[in-house]
Amino acid sequence: MNPRSIQTRKTAKLPVSTSVPRGFWALPENLTAVEGARVELKCGVSAPGSVVQWAKDGLLLGPNPGIPGFPRYHMEGDPARGEFHLCIEACDLSDDAEYECQVGRSETGPELVSPRVSLSILVPPKVLQLTPEAGTTVTWVAGQEYMVSCVSGDAKPAPDITFLQSGQTISSISVDVNEGSQEKLFSIEATARVIPQSSDNGQLLVCEGSSPALVSPIKASITMNVLFPPGPPIIEWPGLNEGLVRAGQNLELPCTARGGNPPATLQWLKNGRPVHIAWGTEHAHATARSVLTMTVRPEDHGAKISCEAYNSVSAGTQERSVTLQVSFPPSAITILGSASQSENKNVTLCCLTKSSRPRVLLRWWLGGRQLQPAEETVMDGLHGGHISMSNLTLLVRREDNGLTLTCEAFSEAFTKETFKKSLTLNVKYPAQKLWIEGPQEGQHLRTGTRVKLVCLAIGGNPDPSLIWYKDARPVMEPRPPQEPRRVQLGNLEKSGSTFSRELVLVLGPPDNKAKFSCKAGQLSASTQIVVLFPPTNLTILANASALRPGDALNLTCVSVSSNPPVNLSWDKEGQRLEDMAAPPQSAPFRGSAASRSVFLRVSSRDHGHRVTCQAHSTELRETVSSFYRFNVLYPPEFLGEQVLVVTAVEQGEALLPVSVSANPAPEAFNWTFRGYRLSPAGGPRHRILSNGALQLWNVTRSDDGFYQLHCQNSEGTAEALVRLDVHYAPTIRALQDPTEVDVGGSVDIVCTADANPILPDMFNWERLDEDEEDQSLDDMEKTSKGSTGRLRIRHAELAQAGAYQCIVDNGVAPPARGLVRLVVRFAPQVEHPTPLTKVAAAGDSTSSATLHCRARGVPNIVFTWTKNGVPLDLQDLRYTEHTYHQGGVHSSLLTIANVSAAQDYALFTCTATNPLGSDHTNIQLVSISRPDPPLGLKVVSLTPHSVGLEWRHGFDGGLPQRFHIRYEALETPGFLYVDVLPPQATTFTLTGLQPSTRYRVWLLASNAMGDSGLTHKEIQLSITTPALDQPSREPYDQPPTQQPAESPGLPLLPVMFAVGGLLLLSNASCVVGFLWWRRQRHLAEGISEKTEAGSEEEDRVRNEYEESHWTGDQDTRSSTVSTIEVEPHYHSLRDFSPQLPPTLEEVAYTRGLKQEDVAFPGHLYDEVERIYAPPGAWGPLYGEVFVLPFHLGRIYDQVAGDLGTMEDSLPFELRGDLV
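The structure displayed is predicted, hence computed values, not measured ones.

A. Main features of the overall build of the protein chain. Scanning the protein chain from terminus to terminus reveals 2 helices and 96 strands. Relative to its 1219 residues, the protein chain shows a buried fraction of 43%. Of all intrachain contacts in the protein chain linking residues separated by at least 6 positions in sequence, the fraction that spans at least 24 positions is 68%. Summed over its atoms, the accessible surface of the protein chain is roughly 63500 Å², and 51% of this surface lies on carbon and sulfur atoms.

Rendered as structure tokens:
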């Protein structure tokens, strides 16, 4: 329950009068309240209308019911009834004071004051601070004393502190009362002495604080972890007291210790030494358990096995132990002495046991017969046991051989076990007979023959060993075994009482006339073999070891031993040599020896060759050979296959081989190139191989040349020259760019390359042109001589101008490519628009006009202007000329400021001149007027309900123009009008037409001055829409319409109508066909003329010639002038902005060409310093109306944008003067 819910109760702190004073019908009483509760002090006044207020400790709170300055205070009740009760919300310690109700003087009564009452505020303690910290677990040792303190928070009145240990009140506590953090508050500090017991483990130690302000006490607690020692250990084993065990028994001893915190640590000891320290703990029952598992051994007899229990608070170690009594049989029985003896002699043996507990008895057995021992002895043994010993002496006979002699140990303690040791008697006696089976003695056998000798014997114990001897030496098998083994000694084999042993021989020279014997004890047998063999060793002896050219050499061939004797002979490289016999010598293996000598004079060519000595045996039909290899010392000599020229590719590898003969081998190979010796240790790009060859990598053309090789050995030196021929890809060294020629002249484009090898057909030429048809070089002559290639052009034409590429390919990649421009010089050719170029401008002395003149020609063109035949004075500030040169295209812009109708409406002549000639054109400057009729109106598509029209702009009169279409159906009276949108469009589709209907169509142009009129013949068309069942088609492709004939059975009147309609359609078809034929013929002639003009124009475009800091790429507004449609050129002053080409740094030079492997020339044309641009780089110069992009000075500031506001109407002042 929240303490704030405690009801406010009255107190009797101050005496209050039992009678109510006059003027009050209700008085306040003494109250006690818990902090946070709501308090109400009663005050009832009998005199209504009086001013009532409360006083707190003498401080007047004011008559306002809201009591300003005290937000928790207010007066409640009905003032009309005299109710002025003081209410305090959420009271706190600051409200603990004396209060009185005061009534002010009024007309109806005097001043009144209620008795003073007290309001006592109870503050409960908020928290208990416990040391050690509350909520923690403290570890104490049982029986020791510990101090615990508990401090309460601020409270009023001071709280009571109580300590509870495992639910029991602690009496021995001390309490200190201290002042709180505020006046009227108190805090309590209580200290208790605690002696924990083992029963307190896991229990709580609680500090409890109680106060009148609390409904229930507040608590703080800690958990006690009490440490105490465990109980004594217990070994749970039935034989604990006796400790009787048997060796080999698996013994398990469990040990348990109960109680203790922490639980006990268990440890097993054997004779005081730890043997096992693993244990388990059951925390629920505080029990520790450990099991010792061991296999009992004899040496464990008398061992003390202990279990110890302790923990961290144990005063000492608690122990429980058991002493083992181990019984064990003898681990082994040993019979001492030899059981092998010759017949009719005594055998003495001793039987001895290992230690046992208890002792054992011994007895002897021979076969199934028990023997009586001579004596028996007992001694002390290991581990508390005993050792038994019995001696036996026995006379052995031949029939006892192989019988079993047994010593047996027994005891009542080991009734289920028997312990025995046995051995077999070996009675020795000799063999009775010995002989050898094999080839007849003295028989002749060839070397390599496999011979088997068998030695046989009868009887004997032990088995006769049958040892083979050769010439009184034992025969042994060779180790490791040879393949095939020449001697194979078999094992001793037994069959009944007969023994045998084989000796297999692969006969060799050492076996010749050797004596082979077999022995068994004192018995012996022997045989002898005669072996035929070729020379065992054919040796060549020389009188000198070191030979030089010209030395004399004496060689002697010696056959060491053979049976029978052999014949010796000499040959050299298949040629028989003359020799002489030498004196005979002694021979091993009981054979015959022979020797012969030969005399030779040597040369360097003999080095490495062989001289062969052959020994031939006629009886054996075998020949043995030996050779002597010449070792001739001579200086290095280069062989005939030495390579003198090596070919390599640049950046590749090269190997300069060495073919040299020398003995000894050359000590050093030194390479020299251009007087510099190459390091024998190698370098960044070379190394000298072990055979003297020179290996180069990353070969460059500078490595080409002769390399001198110097070889040396101890006998002398030799030198050779090897040439390295480095092939490298071609590079163009010289290419005259640009190459210039006059029209009709001849010129050679010369391309000089550096390459290796230089091939006669390595030069090739290509024409770089977007038009594949113009890339043929059939009309040009290609020649080459050495490192220079030429492309010869005779009777140069404009069509041949352009970019050419010289390609040099000598088979070493990559081919070299060089770009060269052919510039064909020609006289100026000014564009002559027909019928006349016109420019319109207002002649009001405020407007400006620009006249544009364009010409083509190479070299540069100079422009001059005349007006009505009189040279124009360009010093006049009203005239400004700007000249542009882009390749072979040149432009002059003449700007006339403040155009006056009287002075400037005239015929201006532009003349273009260069050293090869001149040309001119006329431009008429006229006044602003109505537009000219559109040009070239034609039908581009036709359907039953629409017709597509196309035309070209005419002269717009100097103002924005629009287009209108007027059309009529010939069978229907009246005209229809349609405006073309957008206004500047030159194509339009007229819709809403009827099928199979004839129409007449007019096209008009209009501006603010008026329209172009209907009188011009080229602005009207007559068309007939096709029927619905006919496909849409291009104009004039429709064949004459035919009406299918009616069947013969139709009535007469319909037939007549059909015939009349057919005749009418036939006439119409004829007219349409005639018109279509004339139109096609006119179009064909026009296209032919335009094609010729276009071809000439394209030739001019190719021959372009630009400045060195310009390039051929241009804005789309400067594309090449189309000459397919020739039209008059009319110019106003709107939107003119001449575009200068970008600089060389802004745009790549080539267009449409691969830039890799192209050699661009570094020189420029001397006169005009221009660079060629590819075709198609320049655009139309009369395609739009332009405005000057530059300022003419402050005197002409009003000229710019004069015509910018001309939309639907033309102001009077802009119309100019009449001419």
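B. Broad picture of the environment of Lys-515. The residue Lys-515 is located in strand E50 (residues 514-520) in this model. Exposure remark for Lys-515: the relative accessible area of 44% places this residue in the partly exposed category. Remark: the alpha-carbon pair of Lys-515 and Tyr-469, spanning 46 residues in sequence, is separated by 8.0 Å. Other than its neighbours up to four places away in sequence, Lys-515 contacts Tyr-469, Lys-470, Asp-471, Ser-526 and Thr-527.

C. Representation of the nonpolar core. Among the nonpolar cores identified, the biggest contains 28 residues, and Ile-749, Cys-751, Trp-765, Tyr-804, Cys-806, Val-808 and Leu-822 are the most heavily contacted of them. Broken down by secondary-structure element, the contributors of at least two residues to this core are strand E69 (716-735), strand E71 (747-756), strand E72 (763-768), strand E74 (788-793), strand E75 (802-808) and strand E76 (816-830). Examining the composition of this core, we find that 6 residues originate from one element, E76, more than from any other. In this structure, Trp-765 is in contact with Ile-749, Cys-751, Leu-777, Lys-782, Gly-789, Arg-790, Leu-791, Gln-805, Cys-806 and Val-820, ignoring residues within four places of it in sequence.

D. Local environment of the pattern of salt bridges. Counted by the stated rule, this structure contains 45 salt bridges. Residues joined in a network through salt bridges with shared partners are Glu-650, Arg-701, Arg-733 and Asp-754.

E. Quick look at the packing of aromatic side chains. Evaluation of the coordinates by the stated rule reveals 8 aromatic pairs. Centre to centre, the rings of Phe-414 and Phe-419 are 6.2 Å apart; their planes meet at 90°, and the pair counts as edge-to-face. Here the two residues Phe-414 and Phe-419 agree in accessibility, since each one is buried. Above the plane of the ring of Phe-410 lies Arg-363, whose end atom (NZ or CZ) is 4.3 Å from the centre. Over the ring of Tyr-728 we find Arg-701, and its NZ or CZ is 3.7 Å from the ring centre.

F. Seen up close, the pairing of strand E38 (residues 386-395). Sheet topology places strand E34 (residues 346-353) next to E38; 7 bridges connect them, and they run antiparallel. By the bridge assignment, Leu-349 is partnered in E38 with Leu-392. Across 6 bridges, strand E37 (residues 375-380) lies against E38 in antiparallel orientation. Opposite Met-379, over in E38, you have Ile-387 as the bridge partner. Taking the residues between adjacent antiparallel strands as the criterion, E37 and E38 are bridged by 5 residues, where His-383 takes a positive phi near 55°.

G. Broad picture of unusual backbone geometry. Residues Asn-461 and Pro-462 are joined by a peptide bond in cis, for which omega reads 5°. Counting through the fold element by element, Pro-462 comes out in the loop between strand E44 (450-458) and strand E45 (467-470). Residue Pro-564 follows Asn-563 across a cis peptide bond; omega there is 0°. Structurally, Pro-564 can be placed in the loop between strand E53 (552-562) and strand E54 (567-572). Look at Ala-90: it is not a glycine, yet its phi comes out positive at around 50°. Relative to the elements of secondary structure, Ala-90 occurs in the loop between strand E9 (85-88) and strand E10 (97-103). The exposure class of Ala-90 is partly exposed, given its relative accessible area of 41%. Despite not being glycine, Asn-868 has its phi angle at roughly 55°, a positive value. When you line up the elements, Asn-868 lands in the loop between strand E79 (862-867) and strand E80 (870-871).

H. Representation of the sheet that holds strand E15 (residues 146-152) in the model. The strand order E13-E15-E19-E18 describes an open sheet built from 4 strands, whose pairing is antiparallel. Taken across any chain shown, the strands that pair with only one partner, and hence form the sheet edges, are strand E13 (128-131) and strand E18 (173-179). Geometrically, the sheet is characterised by an average inter-axis angle of 15° between neighbouring strands, direction not taken into account. Judged from the 4 bridges that link them, E13 and E15 form a sheet pairing that is antiparallel. In the strand pairing of E15, Leu-128 is matched with Ser-152.

I. Quick peek at the state of the cysteines. Taken as a whole and judged by the stated rule, the model has 8 disulfides. Covalent S-S linkage joins Cys-351 and Cys-407, the inter-sulfur distance amounting to 1.8 Å. Looking along the S-S bond of the Cys-351-Cys-407 disulfide, the torsion reads about -90°, which is the left-handed sense. Residue Cys-351 is located in strand E34, and its partner Cys-407 is located in strand E39 (residues 404-410); the two are separated by 56 residues in the primary sequence. Note on cysteine connectivity: Cys-557 is disulfide-linked to Cys-613, with sulfurs 1.9 Å apart. What sets the handedness of the Cys-557 and Cys-613 disulfide is the S-S torsion sign, and at about -85° it is left-handed. Of this pair, Cys-557 sits in strand E53 while Cys-613 sits in strand E58 (residues 610-617), and the two are 56 residues apart along the sequence. Taken individually, Cys-557 and Cys-613 each receive the classification buried, so the pair is uniform in this respect. Looking at the unpaired Cys-350, the closest cysteine sulfur is the one in Cys-351, lying at 7.2 Å.

J. How the structure looks around the pairing of strand E61 (residues 645-649). Alternating residues of E61 divide into Val-646 and Ala-648, all buried, and Val-645, Thr-647 and Val-649, none buried. Strand direction decides the pairing type here: E61 and E69, joined by 5 bridges, are parallel. Along E69, the bridge assignment pairs Thr-647 with Asp-725.

K. Region of the structure containing the side chain of Asn-461. Note on placement: Asn-461 falls in the loop between E44 and E45. A relative accessible area of 11% means that Asn-461 is categorised as buried. Looking at Asn-461, its side chain comes within polar contact range of the side chain of Asn-426, at 3.0 Å. Setting aside its immediate chain neighbours within four residues, Asn-461 contacts Asn-401, Asn-426, Val-427, Lys-428 and Tyr-429.

L. Structural context of the side chain of Thr-997. For Thr-997, the location among the structural elements is in the loop between strand E89 (987-991) and strand E90 (998-1007). The buried category is assigned to Thr-997, whose relative accessible area is 13%. Of note is the side chain of Thr-997, whose polar atom sits 3.2 Å from the backbone oxygen of Gln-994. Once residues lying within four places of it in the same chain are set aside, the contact partners of Thr-997 are Ala-969, Glu-971, Ile-1023, Thr-1024 and Thr-1025.

M. View of the sheet that holds E58. Read across the open sheet, the 4 strands follow the order E55-E54-E58-E59; overall the sheet is antiparallel. Here the strands that pair on one side only, and so sit at the sheet edges, are strand E55 (575-577) and strand E59 (622-629). Each strand of the sheet is rotated relative to its neighbour by a mean of 35°, with strand direction disregarded.

N. Region of interest: a nonpolar patch on the surface. On the surface, a nonpolar cluster with roughly 250 Å² of combined accessible area is contributed by Val-175, Val-177 and Phe-186. Looking at where Phe-186 falls in the secondary structure, it is placed in strand E19 (residues 186-194). Overall, the relative accessible area of 33% leaves Phe-186 in the partly exposed class.

Calculation criteria
Residues numbered from 1 in each chain as written. Predicted model: local features only at pLDDT ≥ 70, side-chain atom pairs only at ≥ 80, totals over all residues. Heavy atoms only, no water. Helix = DSSP H or I, 4+ residues; strand = E, 2+ residues; numbered from the N terminus. Buried < 20%, exposed > 50% of the residue type's maximum accessible area, 1.4 Å probe, protein only. Contact = heavy atoms within 4.5 Å. Areas by Shrake-Rupley, 256 points an atom, 1.4 Å probe, with all protein chains shown as cover. Core = buried A, V, L, I, M, F, W, Y, C linked by side-chain atoms within 4.5 Å. Salt bridge = Lys/Arg side-chain N within 4 Å of Asp/Glu carboxyl O. Phe/Tyr/Trp six-rings, centres within 6.5 Å; stacked < 30°, edge-to-face > 60°. Lys NZ or Arg CZ within 6 Å of the ring centre and 35° of its normal. Pairing = 2+ DSSP bridges. Axes fitted to C-alpha atoms, helices over the stretch in contact; angles between N-to-C directions. Disulfide = S-S within 2.5 Å. Polar contact = N/O pair within 3.5 Å; in protein donor to acceptor, adjacent residues only side chain to side chain. Patch = residues over 30% accessible without salt bridge, like charges linked within 9 Å, V, L, I, M, F, W, Y side chains within 5 Å.

Shape descriptors only; they carry no functional weight alone.
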